[in-house]
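Here is what each chain is made of, one letter per residue.
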Amino acid sequence: MQVSDPNNIKIYNLSAGKSLPDWLSDRKRRALQNKDVDIRRRIELIQDFSMPGLSTTVKMSPDLQYIVTTGIYKPRVRCYEVNNLSMKFERCFDSEVVNFEVLSDDYSKIVFLQCDRYVEFHGPGGRYFRLRIPKFGRDLKYHFATCDLYLAGTGKDIYRLNLELGQFLTPFESEATEINKIAINGHHRLVVVGTREGRVEAWDPRTRGRVGVLDCALNCVTPDTSPEMSGFPSVTALEFSGSLGLSVGTATGQVLLYDLRSDKPLRVKDHMYGLPIRDVAHSGEHVLSMDSSVVKIWNKDTGVLFTSIEAGNLTQFNSLYSVPNSGLMFIANEAPKVQTYYIPSLGPAPKWCGFLDNLTEELEETVMETVYDDYKFVTKNELEDLGLSHLIGTNLLRAYMHGYFIDIRLYRKAKSVAEPFAFEEYRRKKIREKIEEERKNRVQIQKLPQVNKDLALKLINDVTDEKKKKKKKTGDLLEDDRFKQLFQNPDFQIDTNAEEYRLLNPVLSRLDKSKAKELKKKYLAEQFEPVDDEEEGKASSEGESLEDSSSEDDGELAKEIRKTHKLVNRERRQKEWEERKQQEEEEEAEGGKKQRQPKFYELRAGEEFGGVVGGKKHRVNKASLEERLRQESQHNVRVLSTGNREMTFTLKKKGMKNTQSMAKHHEERKKLMRPPPKGLTKSKFFSGVKKRR
């Protein structure tokens, strides 16, 4: 067991501590307990309350006597009985469970929604029935009054499976493209669904029609919350509180509390992490909202943080279940153990584990740091954008990892000063999106992007040409998400003044000209009919004209490339000359060139001073590449047609002086050698190497 004290609220982690394997004998268990203090202090509330890999969902039966949890790997479900504090049964599946619902008061009737579109019904003895739905499901709920099972997923339909008749009823058709969550009120049986577009739709099963819509995406941004959003605020969590209260969690990390009689939220709570809200629960006057990294417990009337539970760096939270009328909660996470937390300030322990109240009073306390709920984490670049970089090192900023914690009130004031119309701009953007949605049936005019308009126009023309010629479409870059930054990010703007682009421009313009010529020829061919006036046995003049035109075009292309190369080289030399002149002027302004200090050389006995040749060579070798290039008499850097640069240089051989002296010596010997007499010839007795027989 681990005890923490964030915000002076004691939180007991009952699943912390070391676990012992099942195959150990009692003697070895006692020996380990005597040696290790952590094993001795551990509390195993429920025996084997874990999964082989990780746990995805955890819930309790309506009678609060059984705990059902699912996980992987292999996909399975485990049921635990609280009276015995041990596992009752375990079953495996063919695919992973997305969500499940307990239909009866105990574990005898459970329905599972799997990731491969299958829905399985289980009884006390195992799987009872299995069926498949048309779309991939994301959530399911059971309506007790009508005995209907509601399923929703990637489509706009809300499927209704009547378990009394054993057949599908007419589904509810919503205006959303995808549905993420379903919730049913336990008092008046109203069905609400959360959509991908950030709306909550309410359906009345009695009239089989929609009775209301809440636009949560427009209301999740207020002056009290941060206007920065990394994505669209889709609805990811729904939970009723009483007959009129509704809690909505969004994908951008906000929790909205609604009264069903109003379309405006009573309170908006921002997690400040930007992570999707996965679960929302209620415990008295407190709201428990969970994302993948933290569970925040706060007051629903004031919004003040009560306490929080952090996941840490080694795991992530998946599902939350709070035991009603108690301070005990279960959290499914990306770890084998199902986390169990007990907060006495929220309520007493359940009857089946009432010993926790007496046990927690005797535990040793471990004080932890205070939770920074009213602070926002910002990086150094964000501070510079807000103009608050001068606060680094003061008490207003607290260094943490690669950034700082800043008070949320100061952050909002600085944000409003830096971007005073951010909220108004967001509202205008939402209004614009709604207007565009209403204009979908009108004629759509294709607009060019703000970045790389010429490239986009060329790609559009290429795609239209491919469609006209009925070629195999290789792909449209404008519609591909992998290349969307090419037409949105200004950093990817093509610089037409760059040397590489200017050197490639003749080739690109050549291709465009050839394409224009083809279009012109095609147009002329359509306007005039060809005349066959060639004599038999003679080649057509069209082929000769095509060859002549192609050779002329190649010559023009070569001239354009040479002309561009000369122009680029001239501009580069002019730029280098201006830089060198500016550098010389700066050196003269500073006091002229530095005078070289005299150097002294030591001569050995009998040695003559032959000049400072080695020193000069040493200075040349020590000089940088830029200085050596400037000292060269001719410009030895050549720009290729592909935009790359090529540099040529020669190396001085070490034995150059020796070869020159040897050649001079051979010339002198040739002059001194006397030629043989005119009558003297080679001996006839010698005719090369003697051959062996």
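Residues numbered from 1 in each chain as written. Predicted model: local features only at pLDDT ≥ 70, side-chain atom pairs only at ≥ 80, totals over all residues. Heavy atoms only, no water.

K.L.:
Please clarify how the overall build of the chain should be interpreted in this entry.
P.N.:
Tallying secondary structure elements over the chain gives 13 helices and 34 strands in all. Counting over 693 residues, the chain shows a buried share of 36%. If you take every contact in the chain between residues at least 6 apart in sequence, the share linking residues at least 24 apart comes to 46%. When the accessible area of the chain is evaluated, it comes to approximately 46,900 Å², of which 50% is carbon and sulfur surface. (Helix = DSSP H or I, 4+ residues; strand = E, 2+ residues; numbered from the N terminus. Buried < 20%, exposed > 50% of the residue type's maximum accessible area, 1.4 Å probe, protein only. Contact = heavy atoms within 4.5 Å. Areas by Shrake-Rupley, 256 points an atom, 1.4 Å probe, with all protein chains shown as cover.)

K.L.:
Help me understand the pattern of salt bridges in this model?
P.N.:
Pairs can form between side chains of opposite charge once their charged atoms are near each other. With the rule as written, the count across this model stands at 14 salt bridges. Between Glu178 and Arg138 there is a salt bridge, and its shortest N-O distance comes to 2.9 Å. Here Glu178, found in the loop between strand S14 (167-173) and strand S15 (179-184), pairs with Arg138, found in strand S11 (residues 137-143); they are 40 residues apart in sequence, far enough to count as distant. Judged by its relative accessible area of 31%, Arg138 is partly exposed. Between Arg210 and Glu201 there is a salt bridge whose closest N-O contact spans 3.5 Å. The partly exposed category is assigned to Arg210, whose relative accessible area is 35%. (Salt bridge = Lys/Arg side-chain N within 4 Å of Asp/Glu carboxyl O.)

K.L.:
Sorry if this is basic, but what is going on with the nonpolar core here?
P.N.:
Most often, soluble globular proteins keep nonpolar side chains buried together rather than apart. One finds Ile46, Ile67, Leu328, Phe330 and Trp352 to be the most contacted residues of the largest nonpolar core, which totals 22 residues. At the level of elements, strand S3 (54-60) and strand S28 (328-333) are the ones that each hand at least two residues to this core. If we skip the residues at most four places from it in the chain, Leu328 touches Leu14, Ser322, Val323, Thr340, Tyr341, Tyr342, Pro350, Trp352 and Cys353. Core analysis: the second largest hydrophobic core is formed by 18 residues, Ala183, Leu190, Leu214 and Phe240 among them. (Core = buried A, V, L, I, M, F, W, Y, C linked by side-chain atoms within 4.5 Å.)

K.L.:
Can you help me understand a negative patch on the surface in this one?
P.N.:
Taken together, the side chains of Glu584, Glu585, Glu586, Glu587 and Glu588 make up a negatively charged region of the molecular surface. On the basis of relative accessible area, Glu586 is assigned to the partly exposed category, the value being 44%. (Patch = residues over 30% accessible without salt bridge, like charges linked within 9 Å, V, L, I, M, F, W, Y side chains within 5 Å. Lys, Arg positive; Asp, Glu negative; His and termini not counted. Charge placed at Lys NZ, Arg CZ, Asp CG, Glu CD.)

K.L.:
How do you make sense of the sheet that holds strand S30 (residues 375-379) when you look at a structure like this?
P.N.:
In spatial order, the strands read S30-S32-S31; together these 3 strands make up an open sheet with antiparallel pairing. A strand with exactly one partner marks an edge of an open sheet, and here the two such strands are S30 and strand S31 (397-400). Adjacent strand axes in the sheet meet at a mean angle of 35° when their direction is disregarded. For S31 and strand S32 (residues 403-407), the ladder comprises 4 bridges, and the chain directions are antiparallel. By the bridge assignment for S32, Tyr400 is matched with Gly403. Across the face of the sheet, helix H6 (residues 408-418) comes into contact with S30 and S32 while running at roughly 95° to S32. (Pairing = 2+ DSSP bridges. Axes fitted to C-alpha atoms, helices over the stretch in contact; angles between N-to-C directions.)

K.L.:
What's the story with the sheet that holds S28 in this structure? I'm lost.
P.N.:
Strands in a sheet are paired, the pairing made by backbone hydrogen bonds, and the direction either parallel or antiparallel. Spatially, 5 strands are ordered S1-S2-S29-S28-S27 in an open sheet, and the strand pairing comes out antiparallel. The two strands at the open ends of the sheet, each matched to only one other strand, are strand S1 (2-4) and strand S27 (317-322). With strand direction ignored, the average angle separating the axes of adjacent strands in the sheet is 25°. Relative to S28, S27 runs antiparallel, the two sharing 5 bridges. Bridging across to S28, Tyr321 finds its partner in Phe330.

K.L.:
What exactly am I supposed to notice about the packing of aromatic side chains here?
P.N.:
Each aromatic ring pair is characterised by the separation of its centres together with the angle its planes make. In this structure the tally under the stated criterion is 11 aromatic pairs. Taken together through their ring pairs, the aromatic side chains of Phe49, Tyr80 and Phe330 make up a single cluster. Just above the ring of Phe100 sits the side chain of Lys59; from NZ or CZ to the centre is 5.2 Å. Just above the ring of Phe89 sits the side chain of Arg91; from NZ or CZ to the centre is 4.2 Å. (Phe/Tyr/Trp six-rings, centres within 6.5 Å; stacked < 30°, edge-to-face > 60°. Lys NZ or Arg CZ within 6 Å of the ring centre and 35° of its normal.)

K.L.:
What am I meant to see in the environment of Gly231 here?
P.N.:
Position of Gly231 relative to the elements: it lies in the loop between helix H3 (216-219) and strand S19 (235-241). Judged by its relative accessible area of 38%, Gly231 falls in the partly exposed class.

K.L.:
What is the right way to read the side chain of Thr315 from this model?
P.N.:
Within the fold, Thr315 resides in the loop between strand S26 (305-310) and S27. Looking at Thr315, its side chain comes within polar contact range of the side chain of Asn333, at 3.3 Å. Within the structure, the side chain of Thr315 is placed 3.4 Å from the backbone nitrogen of Glu334, a separation counted as a polar contact. (Polar contact = N/O pair within 3.5 Å; in protein donor to acceptor, adjacent residues only side chain to side chain.)

K.L.:
In this structure, what is going on with the environment of Thr195? I would like to understand it.
P.N.:
With respect to the secondary-structure elements, Thr195 resides in strand S16 (residues 191-195). The exposure class assigned to Thr195 is buried, which follows from its relative accessible area of 1%. For the pair Thr195 and Lys156, spaced 39 residues apart in sequence, the C-alpha separation works out to 9.0 Å. The contact partners of Thr195, leaving out residues within four places of it in the chain, are Ala176, Glu178, Ile179, Asn180, Glu201, Ser234 and Val235.

Shape descriptors only; they carry no functional weight alone.
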